[in-house]
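Working through the structure, step by step
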Amino acid sequence: MTALSAFSPTALAGRVALVTGGGTGMGAAIAAGYAALGADVAVLSRNVEHLRAVADPIVAAGGRALAVQADVRDPDAVAAAVAATVAEFGRIDVLVNSAAGNFRCAAADLSPNAWRTVVDIDLNGTFFCSQAAAAAMRGGGAILNVTGDFVDTHGDRMAHAAAAKAGIANLTRTLAKEWGPAGIRVNALAPGPFETDGGTQALGRREAFAEIGAALPLGRVGRMDEIVAAAVFLVSDAATFVTGATLTVDGGHSWSGYHLP
Ligand code: HXC
């Protein structure tokens, strides 16, 4: 029994979704979850091997998936990825901005290029993808930005990622205002501790998740199906009056004493 079983297996049937950062971690799980609920999914990543590992099982299970190699920092590549999605599936209804870069580093030690790289992937990439996808959405759509449960507090040795994600939180509301009249909803998902490879890389060791989990009100870190279910809800017909909102899915991490080991 997973959180996804709360949805009808056709909850996203007829939708076309483009998921950035879809080759790994949360993006990959969201892409697979959307496909399992009937969506056609374009998966975007820089890494072709990662793409195949996500797209091939979707196709093998009878779904439709397109692997799109692109770097979200490159507006031309992003525009081409959106065009490829529309060419393959005829439309685009949903964009999930899940591509992110992060590593722990004291602010004083961040090189200019290290700062720029993370802000470029997270904040600029989210903007480029949103602008290109919104221009291709016909009759409305839904954009979901993945931020983090630290956007309202601080990023512990993650000044770059925290500032970029806080920028995305604000962008979420501004775009929701500008694009609401076109029927495009823009929301954010703020995950707390989930055991992903990217998170493990950022924290330096996998055991850190057990330590964080033990201190949470729910006594554990999140399961991937729990973040996917929230990502389904926000782009589905269950959330047609929800826009400019942030859904925090963190087991109470953000309000119970934000702490990373
Ligand atoms: C200090 C670092 C560094 C580190 C890289 N840099 N890692 N500085 N500490 N650990 C510096 C490099 O030295 C370089 O600066 C600059 O950052 C760019 O590095 P590149 O490797 O050239 O960049 P690139 O190949 O574009 O890779 C981007 C990346 C990489 C962010 C550095 O890690 C990546 O692609 N990550 C994608 C996956 C990922 O990070 N996912 C995390 C998502 S999880 P100089 O000055 O030397 O040129 C998440 C939630 C985490 O966001 C929650 C934590 C609790």
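It should be noted that the structure appears before, not after, this text.
Residues numbered from 1 in each chain as written. Predicted model: local features only at pLDDT ≥ 70, side-chain atom pairs only at ≥ 80, totals over all residues. Heavy atoms only, no water.

With that settled, the discussion passes to the sheet that holds strand β7 (residues 246-249). The strand order across the open sheet built from seven strands is β3-β2-β1-β4-β5-β6-β7, with neighbouring strands paired in parallel fashion. Looking at which strands have only one partner, the edges of the open sheet turn out to be β3 (65-69) and β7. Strand-to-strand twist across the sheet, computed as the mean angle between neighbouring axes with direction ignored, equals 15 degrees. For strand β1 (residues 16-20) and strand β2 (residues 40-45), the ladder comprises five bridges, and the chain directions are parallel. Among the inter-strand pairings, V16 is bridged to a residue of β2, identified as D40. On the sheet, helix α3 (residues 75-89) packs against β1, β2 and β3 and is oriented at approximately 160 degrees with respect to β3. Taken strand by strand, helix α8 (residues 224-235) contacts β4 (94-97), β5 (141-146), β6 (184-191) and β7, and its axis lies near 165 degrees from that of β6. (Pairing = 2+ DSSP bridges. Helix = DSSP H or I, 4+ residues; strand = E, 2+ residues; numbered from the N terminus. Axes fitted to C-alpha atoms, helices over the stretch in contact; angles between N-to-C directions. Contact = heavy atoms within 4.5 Å.)

In this section: the site of the ligand. Around the ligand, 18 residues are found, and the nearest of them are R46, R73, N102, S111 and N113. One of the side-chain nitrogen or oxygen atoms of R46 is found 2.6 Å away from an oxygen atom of the ligand. Between the ligand and N102 there is a distance of 3.1 Å, counted from an oxygen atom to a backbone nitrogen or oxygen. Here the ligand, which alone exposes 1,100 Å², has 58% of that area covered by the protein. Mapped onto the shell around the ligand, the elements with two or more residues apiece are α4 (112-136) and α6 (197-203). (Near = heavy atom within 4 Å. Polar contact = N/O pair within 3.5 Å; in protein donor to acceptor, adjacent residues only side chain to side chain. Areas by Shrake-Rupley, 256 points an atom, 1.4 Å probe, with all protein chains shown as cover.)

Relative placement of two packed helices is described by the angle separating their axes and the distance separating the axes. Orientation of α3 relative to α4, taken along the N-to-C sense of each, is 35 degrees, at an axis distance of 9 Å. At the point where α3 passes α4, the crossing takes the right-handed sense. Contact with α3, carried on its side by P75, V78, A79, V82 and V86, involves F128, C129, A132, A133 and A136 of α4 and no other residues of that element. A per-class count over the contact of α3 with α4 returns ten nonpolar, no polar and no charged. (Left-handed = near helix turned anticlockwise from the far one by under 90°. Nonpolar A, V, L, I, M, F, W, Y, C, P; charged D, E, K, R; others polar.)

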